[in-house]
Amino acid sequence: MSRFLAVITVLGLGACAGDETATAYGAAEKVWVLQELHGSKASDIATLTFPAPGHIAGTAPCNSYNAGMKAPYPWFDAGPIAATRRACPALQAETGFFAALDAATQIEVSGDTLILTDDDGRQMVFTAAPDGD
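Visitor: So what's going on with unusual backbone geometry? Which residues, and what values?
Guide: A cis geometry characterises the amide bond from Tyr 73 onward to Pro 74, with omega recorded as 15 degrees. Within the secondary structure layout, Pro 74 lies in the loop between strand 5 (64-68) and strand 6 (82-83). A cis amide bond links Gly 79 with the next residue in sequence, Pro 80, at an omega value of -10 degrees. Inspection of the secondary structure puts Pro 80 in the loop between strand 5 and strand 6. The phi dihedral of Glu 29 falls on the positive side, at around 60 degrees, and the residue is not glycine. Tracing the backbone shows Glu 29 in the loop between helix 1 (2-16) and strand 1 (32-37). Look at His 38: it is not a glycine, yet its phi comes out positive at around 55 degrees. Secondary-structure assignment places His 38 in the loop between strand 1 and strand 2 (40-41).

And the structure:
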């Protein structure tokens, strides 16, 4: 009987852990559109979504991508980033987008604004698409 209770207790503790990623802090159920990259207006369209706890996905200027994300809020650590491999004229912008996403270490979600910041203070600023699309 005591072994049964110990198993139930351990299983119950795991269920209480919950989602501590940005998904649970207002990032989920929105499509985030890149507005600014390192102080400059974004020249190409890129998006970021949080489709499930521990995951990010979106579209870069040329390709769609996804990655795991396990860091608890307000930390951000996504990767490795997997992307499709289409060529397009905006590949240089896409390379910069992926490099900035990979370098991000903190996330802040405030209403319809999401900011990713790297260790040097450079930021990626996103806003929520008007109707989640």
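Moving on from the coordinates now.
Visitor: Before we move on, can you summarise the pattern of salt bridges with the specific residues and values?
Guide: Evaluation of the coordinates by the stated rule reveals three salt bridges. The partner of Asp 118 in a salt bridge is Arg 122, with the nearest N and O atoms 2.8 Å apart. Arg 122 serves as the salt-bridge partner of Asp 120, at 3.6 Å between the closest nitrogen and oxygen. Each of Asp 118, Asp 120 and Arg 122 takes part in a single network of salt bridges with overlapping partners.

Visitor: Quick rundown of the packing of aromatic side chains? Include the residues and the values.
Guide: Taken as a whole and judged by the stated rule, the model has four aromatic pairs. Here Tyr 25 and Tyr 73 contribute two aromatic rings whose centre-to-centre distance is 4.5 Å and whose plane-to-plane angle is 10 degrees, an arrangement assigned as stacked. Residue Tyr 25 is found in the loop between helix 1 and strand 1, and its partner Tyr 73 is found in the loop between strand 5 and strand 6; the two are separated by 48 residues along the sequence. You can call Tyr 25 partly exposed: its relative accessible area is 37%. Measuring from centroid to centroid gives 5.5 Å for Tyr 65 and Phe 98, while their planes differ by 80 degrees, and the two rings are edge-to-face. Taken together, the residues Tyr 65 in strand 5 and Phe 98 in helix 2 (residues 91-103) connect sequence positions 33 residues apart. Aromatic rings pair up to connect Tyr 65, Phe 97 and Phe 98 into one cluster.

Visitor: So, helix 2: which residues are in play, and what are the values?
Guide: For an α-helix, 3.6 residues make a turn, and residues three or four places apart therefore share a direction. Helix length check: helix 2 (13 residues) gives 18 Å between terminal C-alpha atoms against 18 Å at 1.5 Å per residue, within 8%. When helix 2 is considered as a whole, its buried residues turn out to be Glu 94, Phe 97, Phe 98, Ala 100 and Leu 101. Across the axial projection of helix 2, the buried residues extend over an arc of 165 degrees, all falling on one side. Facing away from the buried side of helix 2 by over 90 degrees, the exposed positions are Gln 92, Thr 95 and Asp 102.

Rules and cut-offs
- Residues numbered from 1 in each chain as written.
- Predicted model: local features only at pLDDT ≥ 70, side-chain atom pairs only at ≥ 80, totals over all residues.
- Heavy atoms only, no water.
- Helix = DSSP H or I, 4+ residues; strand = E, 2+ residues; numbered from the N terminus.
- Salt bridge = Lys/Arg side-chain N within 4 Å of Asp/Glu carboxyl O.
- Phe/Tyr/Trp six-rings, centres within 6.5 Å; stacked < 30°, edge-to-face > 60°.
- Buried < 20%, exposed > 50% of the residue type's maximum accessible area, 1.4 Å probe, protein only.
- Expected span 1.5 Å × (residues − 1).
- Arc of directions from axis to C-beta.

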